[in-house]
Amino acid sequence: MKRVACLFVLLLILAVVVIGSFYGYVRTQRDNGAVSSALLAGFTSLSPHPITYGEETSEPSCRQAYHYLKGHTGVCLIEDSGSSRFSPKENTVYLPHADFSADTAASAHEFGHALDWFLRGESPQYYSRQETFSHAYAADCSRMQETFLVQRLFETEAYRNPAVSDILFAVFYGNEEMTRVLTASYNTAGVSYWQHEESYMRELHNRQTEVFADIFTIWLSDDAEAKAFLQTFLPQSSRTLLEQVQTQRW
Ligand SMILES: [Zn+2]
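Residues numbered from 1 in each chain as written. Predicted model: local features only at pLDDT ≥ 70, side-chain atom pairs only at ≥ 80, totals over all residues. Heavy atoms only, no water.

1. Here we look at the overall build of the protein chain
Okay, so step 1: Within the protein chain one finds 12 helices and six strands.
Okay, so step 2: Residue pairs in contact within the protein chain that sit at least 24 positions apart in sequence constitute 70% of those at least 6 positions apart.
Okay, so step 3: Accessible surface, the protein chain as shown: approximately 12400 Å² in total, 55% of it carbon and sulfur. (Helix = DSSP H or I, 4+ residues; strand = E, 2+ residues; numbered from the N terminus. Contact = heavy atoms within 4.5 Å. Areas by Shrake-Rupley, 256 points an atom, 1.4 Å probe, with all protein chains shown as cover.)

Right under this line is the structure:
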């Protein structure tokens, strides 16, 4: 009887470890500090559809902006990819060396925040929190909330792009059913995704700021399906960001 009890306890511990590891693999929520990020650096290399950032196939003005920002933003190399972030106070990106040197999605996303800060002009607020982008984002959100279908997204490859998942969890923040369906769909597909911490996303301006960085991440990529997703579901926000980037001399 004692042996059976021991075996049961061992199996229970094993189940907790396995489920915990799986949960940790597919879902990373974090965010603290000024503008934090939900990053899963490292897992993207497992994708059967590797995505490049900042290469020839990225949007030219975004590529120019990215290279400019990499040379004009402070960089602090860190060990823990979970602590990647952009600090506007220091105008500094915190990234693991691997992300900074290999131009990963995490790097593109953090420099997206640096871009947002750069574009603020005289305002003390990120560009993404100012009127122009706020209006564009609100319009895109209300249309997307009526027309978006999860199953359609999973018929394409766009869902594999971590920035796409981050956008979805932001746009459908507060819609518990959609959040559940999205989470279940990613878990079923066994594909890692980005999602910010609930308490951080409660603020609309944080959601706008994260979506801005995600849009930049996608424009900077070679991911044609994710770009098509932007043009279908976030046309105004994407255009607003692009117009701003294109009017600068990088
Ligand atoms: Zn972020």
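Having put the structure on the table, let's press on.
2. A short note on the nonpolar core
Okay, so step 1: Ranked by size, the top nonpolar core spans 58 residues in total, and within it F148, L153, I167, L168, I215 and F229 carry the most contacts.
Okay, so step 2: Excluding anything up to four places from it in sequence, L153 contacts F148, A158, Y159, V164, L168, Y186 and F229. (Core = buried A, V, L, I, M, F, W, Y, C linked by side-chain atoms within 4.5 Å. Buried < 20%, exposed > 50% of the residue type's maximum accessible area, 1.4 Å probe, protein only.)

3. Looking at the environment of G54
Okay, so step 1: Here G54 is to be found in the loop between β2 (35-36) and α2 (60-72).
Okay, so step 2: In this structure, the C-alpha to C-alpha distance between G54 and L220, residues 166 residues apart in sequence, is 5.3 Å.
Okay, so step 3: In this structure G54 touches R63, H67 and L220, once residues within four positions along its chain are discounted.

4. Remarks on the packing of helix α7 (residues 162-171) against helix α11 (residues 224-233)
Okay, so step 1: Remark: α7 packs on α11, axes separated minimally by 10 Å, with the N-to-C direction vectors making an angle of 25°. By the angle class used here, α7 and α11 are roughly parallel. Seen from above, α7 lies across α11 with left-handed handedness. Each of V164, I167 and L168 in α7 lies in contact with α11, whose residues at this interface are A226, F229 and L230.
Okay, so step 2: The residue makeup of the contact of α7 with α11, split by class, is six nonpolar, no polar and no charged. (Axes fitted to C-alpha atoms, helices over the stretch in contact; angles between N-to-C directions. Parallel < 35°, antiparallel > 145°, perpendicular 65-115°, else oblique. Left-handed = near helix turned anticlockwise from the far one by under 90°. Nonpolar A, V, L, I, M, F, W, Y, C, P; charged D, E, K, R; others polar.)

5. Quick notes on the environment of E55
Okay, so step 1: Assignment of secondary structure puts E55 in the loop between β2 and α2.
Okay, so step 2: As a C-alpha pair, E55 and D222 span 167 residues in sequence and 7.3 Å in three-dimensional space.
Okay, so step 3: Once you skip the residues sitting within four places of it in the chain, E55 turns out to touch R63 and L220.

6. Let's talk about α7
Okay, so step 1: Of all 10 residues that make up α7, 10 are buried, and the element is covered over most of its length.
Okay, so step 2: Those residues of α7 lying buried are P162, A163, V164, S165, D166, I167, L168, F169, A170 and V171.
Okay, so step 3: For α7, the N-terminal cap is N161; the gap from its side-chain oxygen to the backbone nitrogen of A163 is 2.9 Å. (Polar contact = N/O pair within 3.5 Å; in protein donor to acceptor, adjacent residues only side chain to side chain.)

7. Brief notes about the packing of helix α5 (residues 131-147) against helix α10 (residues 204-219)
When two helices pack together, their arrangement is given by the angle between the helix axes and by the axis-to-axis distance.
Okay, so step 1: Direction vectors running N to C along α5 and α10 enclose 85°, while the axes themselves pass 11 Å from each other. Accordingly, the angle class assigned to the pair α5 and α10 is roughly perpendicular. On the side of α5, the interface is formed by F133, S134 and Y137, while α10 contributes L204, R207, Q208, V211, F212 and I215.
Okay, so step 2: Residue classes in the contact of α5 with α10 are distributed as six nonpolar, two polar and one charged.

8. Section: the pairing of strand β5 (residues 92-96)
Okay, so step 1: Here β5 lies mainly inside the structure; five of its five residues are buried.
Okay, so step 2: Burial along β5 is two-sided: T92, Y94 and P96 and V93 and L95, pointing in opposite directions, are all buried.
Okay, so step 3: The pairing of strand β3 (residues 74-78) with β5 spans five bridges and is parallel. Opposite L77, over in β5, you have L95 as the bridge partner. (Pairing = 2+ DSSP bridges.)

9. Remarks on the packing of aromatic side chains
Okay, so step 1: The final tally for this structure, using the stated rule, is 18 aromatic pairs.
Okay, so step 2: Taking the centre distance of 5.4 Å and the plane angle of 70° together, the rings of F133 and F212 count as edge-to-face. Of this pair, F133 sits in helix α5 while F212 sits in helix α10, and the two are 79 residues apart along the sequence. Exposure class is identical for F133 and F212. Each is buried. (Phe/Tyr/Trp six-rings, centres within 6.5 Å; stacked < 30°, edge-to-face > 60°.)

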